[in-house]
Amino acid sequence: MSTDEFYMAKALQLAQQAGAAGEVPVGALVVRDGEIIGEGYNQPISACDPTAHAEVVAMRNAASKINNYRLSDCDLYVTIEPCTMCVGAMVHGRIRRIVFGALEPRAGALQSQLQLMDQDHYNHRVDVRGRVLEQQCGDLISGFFRHRRKNKSQ
(Lines give C-alpha, C1' and ligand atoms only; values in the text may rest on other atoms or scores of the structure.)
Protein backbone atom coordinates (compact mmCIF):
# COMPACT_ATOMS: atom_id res chain seq x y z
CA MET A 1 0.00 0.00 0.00
CA SER A 2 1.37 3.40 -0.99
CA THR A 3 1.41 6.38 1.36
CA ASP A 4 -1.41 8.00 -0.60
CA GLU A 5 -3.49 4.82 -0.36
CA PHE A 6 -2.82 4.61 3.38
CA TYR A 7 -4.12 8.12 4.02
CA MET A 8 -7.04 7.66 1.62
CA ALA A 9 -8.08 4.58 3.58
CA LYS A 10 -8.14 6.78 6.70
CA ALA A 11 -10.26 9.34 4.84
CA LEU A 12 -12.64 6.53 3.86
CA GLN A 13 -13.12 5.71 7.55
CA LEU A 14 -14.11 9.34 8.14
CA ALA A 15 -16.49 9.18 5.18
CA GLN A 16 -18.19 6.18 6.75
CA GLN A 17 -18.76 8.26 9.90
CA ALA A 18 -20.47 10.91 7.78
CA GLY A 19 -22.69 8.30 6.15
CA ALA A 20 -23.62 6.81 9.52
CA ALA A 21 -24.69 10.31 10.63
CA GLY A 22 -26.93 10.69 7.55
CA GLU A 23 -24.53 13.04 5.78
CA VAL A 24 -23.16 12.47 2.28
CA PRO A 25 -20.20 10.14 3.00
CA VAL A 26 -17.15 12.25 2.28
CA GLY A 27 -14.09 12.21 4.52
CA ALA A 28 -10.93 14.30 4.46
CA LEU A 29 -7.69 14.71 6.34
CA VAL A 30 -4.71 17.02 6.32
CA VAL A 31 -1.21 15.56 6.61
CA ARG A 32 2.02 17.38 7.43
CA ASP A 33 5.37 15.61 7.68
CA GLY A 34 3.68 12.21 7.90
CA GLU A 35 1.33 13.24 10.72
CA ILE A 36 -2.42 13.71 10.45
CA ILE A 37 -3.04 17.20 11.80
CA GLY A 38 -6.64 17.67 10.70
CA GLU A 39 -9.65 15.46 10.10
CA GLY A 40 -13.14 16.08 8.90
CA TYR A 41 -16.19 14.59 7.32
CA ASN A 42 -19.24 16.12 5.71
CA GLN A 43 -21.55 17.76 8.22
CA PRO A 44 -23.49 20.58 6.57
CA ILE A 45 -26.81 19.08 7.69
CA SER A 46 -25.92 18.40 11.31
CA ALA A 47 -23.95 21.65 11.69
CA CYS A 48 -26.53 23.74 9.78
CA ASP A 49 -23.53 25.07 7.87
CA PRO A 50 -23.36 24.98 4.06
CA THR A 51 -19.56 25.31 4.24
CA ALA A 52 -19.07 22.26 6.48
CA HIS A 53 -17.73 20.07 3.70
CA ALA A 54 -15.19 17.44 4.75
CA GLU A 55 -12.28 19.37 3.25
CA VAL A 56 -13.17 22.64 4.98
CA VAL A 57 -13.71 20.91 8.33
CA ALA A 58 -10.32 19.15 8.01
CA MET A 59 -8.54 22.38 7.06
CA ARG A 60 -10.14 24.28 9.95
CA ASN A 61 -9.07 21.51 12.31
CA ALA A 62 -5.50 21.51 10.96
CA ALA A 63 -5.16 25.31 11.01
CA SER A 64 -6.38 25.39 14.59
CA LYS A 65 -3.95 22.67 15.60
CA ILE A 66 -0.91 24.46 14.17
CA ASN A 67 -2.28 27.91 15.02
CA ASN A 68 -1.82 29.16 11.47
CA TYR A 69 -4.30 29.59 8.63
CA ARG A 70 -1.57 28.83 6.11
CA LEU A 71 -1.21 25.11 5.43
CA SER A 72 1.56 25.46 2.85
CA ASP A 73 3.47 22.35 3.85
CA CYS A 74 0.36 20.16 4.04
CA ASP A 75 -1.37 17.62 1.83
CA LEU A 76 -5.13 17.14 1.86
CA TYR A 77 -6.74 13.76 1.21
CA VAL A 78 -10.44 13.57 0.37
CA THR A 79 -12.58 10.68 -0.82
CA ILE A 80 -14.28 12.58 -3.65
CA GLU A 81 -13.15 15.26 -6.07
CA PRO A 82 -13.61 18.65 -4.39
CA CYS A 83 -16.17 21.27 -5.36
CA THR A 84 -15.41 24.87 -6.33
CA MET A 85 -15.77 26.16 -2.76
CA CYS A 86 -13.35 23.59 -1.37
CA VAL A 87 -10.77 24.18 -4.09
CA GLY A 88 -10.96 27.91 -3.33
CA ALA A 89 -10.40 27.21 0.36
CA MET A 90 -7.38 25.05 -0.50
CA VAL A 91 -5.89 27.84 -2.60
CA HIS A 92 -6.44 30.40 0.18
CA GLY A 93 -5.02 27.99 2.78
CA ARG A 94 -2.02 27.28 0.53
CA ILE A 95 -2.47 23.50 0.61
CA ARG A 96 0.55 21.95 -1.11
CA ARG A 97 -1.17 18.93 -2.64
CA ILE A 98 -4.67 17.52 -2.95
CA VAL A 99 -5.20 13.79 -3.31
CA PHE A 100 -8.74 12.66 -4.04
CA GLY A 101 -10.49 9.34 -4.54
CA ALA A 102 -13.48 9.23 -6.88
CA LEU A 103 -14.35 11.72 -9.56
CA GLU A 104 -17.42 13.90 -8.99
CA PRO A 105 -18.90 14.20 -12.49
CA ARG A 106 -21.44 16.91 -11.65
CA ALA A 107 -19.51 19.31 -9.44
CA GLY A 108 -15.88 18.18 -9.40
CA ALA A 109 -13.75 21.27 -9.83
CA LEU A 110 -10.33 19.70 -10.48
CA GLN A 111 -10.80 17.22 -13.31
CA SER A 112 -14.47 16.51 -14.02
CA GLN A 113 -15.75 20.00 -14.75
CA LEU A 114 -13.83 23.24 -14.20
CA GLN A 115 -10.20 22.08 -13.95
CA LEU A 116 -9.55 25.01 -11.63
CA MET A 117 -5.91 24.16 -10.97
CA ASP A 118 -5.25 24.33 -14.72
CA GLN A 119 -6.15 28.04 -14.67
CA ASP A 120 -3.27 30.49 -14.58
CA HIS A 121 -4.89 33.35 -12.63
CA TYR A 122 -4.45 31.92 -9.11
CA ASN A 123 -1.65 33.18 -6.89
CA HIS A 124 -1.05 29.65 -5.55
CA ARG A 125 -0.80 26.29 -7.26
CA VAL A 126 -2.02 23.09 -5.65
CA ASP A 127 -0.60 19.85 -7.02
CA VAL A 128 -3.36 17.36 -7.81
CA ARG A 129 -3.48 13.58 -7.76
CA GLY A 130 -6.80 11.92 -8.40
CA ARG A 131 -8.35 8.48 -8.43
CA VAL A 132 -6.57 7.04 -5.38
CA LEU A 133 -8.66 4.11 -4.12
CA GLU A 134 -11.20 5.34 -6.65
CA GLN A 135 -13.32 2.19 -6.63
CA GLN A 136 -13.75 2.07 -2.85
CA CYS A 137 -14.48 5.81 -2.65
CA GLY A 138 -16.94 5.67 -5.53
CA ASP A 139 -18.68 2.58 -4.19
CA LEU A 140 -19.22 4.22 -0.80
CA ILE A 141 -20.90 7.30 -2.20
CA SER A 142 -22.86 5.42 -4.88
CA GLY A 143 -24.15 2.99 -2.26
CA PHE A 144 -25.24 5.87 -0.05
CA PHE A 145 -27.31 7.49 -2.80
CA ARG A 146 -28.68 4.15 -4.02
CA HIS A 147 -29.88 3.43 -0.47
CA ARG A 148 -31.35 6.93 -0.16
CA ARG A 149 -33.28 6.61 -3.45
CA LYS A 150 -34.55 3.15 -2.49
CA ASN A 151 -35.82 4.36 0.88
CA LYS A 152 -37.41 7.44 -0.68
CA SER A 153 -39.40 5.34 -3.13
CA GLN A 154 -40.82 3.08 -0.41
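Check the entry above for the structure.
Computed from a prediction, not measured in an experiment: that's the story for all the values here. (Residues numbered from 1 in each chain as written. Predicted model: local features only at pLDDT ≥ 70, side-chain atom pairs only at ≥ 80, totals over all residues. Heavy atoms only, no water.)

**Q** When you look at the pairing of strand β1 (residues 27–32) in this model, what are you seeing that I'm missing?
**A** The side chains of a regular strand alternate, residue by residue, between the two faces of the sheet. Within β1, five of the six residues are buried, which leaves the element mostly enclosed by the surrounding structure. Taken together, the six bridges between β1 and strand β2 (residues 35–41) define a ladder with antiparallel strand orientation. Paired with Val31 across the bridge in β2 is Ile36. Between β1 and β2, which follow one another and run antiparallel, lie two residues, and Asp33 among them has a positive phi close to 50°. (Buried < 20%, exposed > 50% of the residue type's maximum accessible area, 1.4 Å probe, protein only. Helix = DSSP H or I, 4+ residues; strand = E, 2+ residues; numbered from the N terminus. Pairing = 2+ DSSP bridges.)

**Q** For this particular structure, what's the right way to read the nonpolar core?
**A** Most often, soluble globular proteins have nonpolar side chains that are buried together. One finds Val30, Leu76 and Ile95 to be the most contacted residues of the largest nonpolar core, which totals 29 residues. Residue assignment for this core shows that the elements contributing at least two residues are β1, α3 (54–66), β3 (75–80), α4 (84–93) and β4 (97–102). A per-element tally of this core places α3 first, with six residues. Sequence-distant contacts of Val30, that is, excluding residues within four places in its chain, are made with Glu35, Ile36, Ile37, Gly38, Ala58, Met59, Ala62, Cys74, Asp75 and Leu76. The next biggest cluster of nonpolar side chains, apart from the first, holds 13 residues, and it includes Ala11, Val31, Leu133 and Cys137. (Core = buried A, V, L, I, M, F, W, Y, C linked by side-chain atoms within 4.5 Å. Contact = heavy atoms within 4.5 Å.)

**Q** Explanation requested: α3 in the structure shown.
**A** The end-to-end C-alpha distance of α3 is 18 Å, a good match for the 18 Å that 13 residues give at a rise of 1.5 Å each. Turning to α3, its buried residues number three or more, namely Ala54, Glu55, Val56, Val57, Ala58, Met59, Ala62 and Ala63. Note on α3: the residue one or two positions beyond its end, Asn67, has a positive phi of about 60°. (Expected span 1.5 Å × (residues − 1).)

So, to be careful, I would describe these as geometric facts and stop short of saying anything about function.
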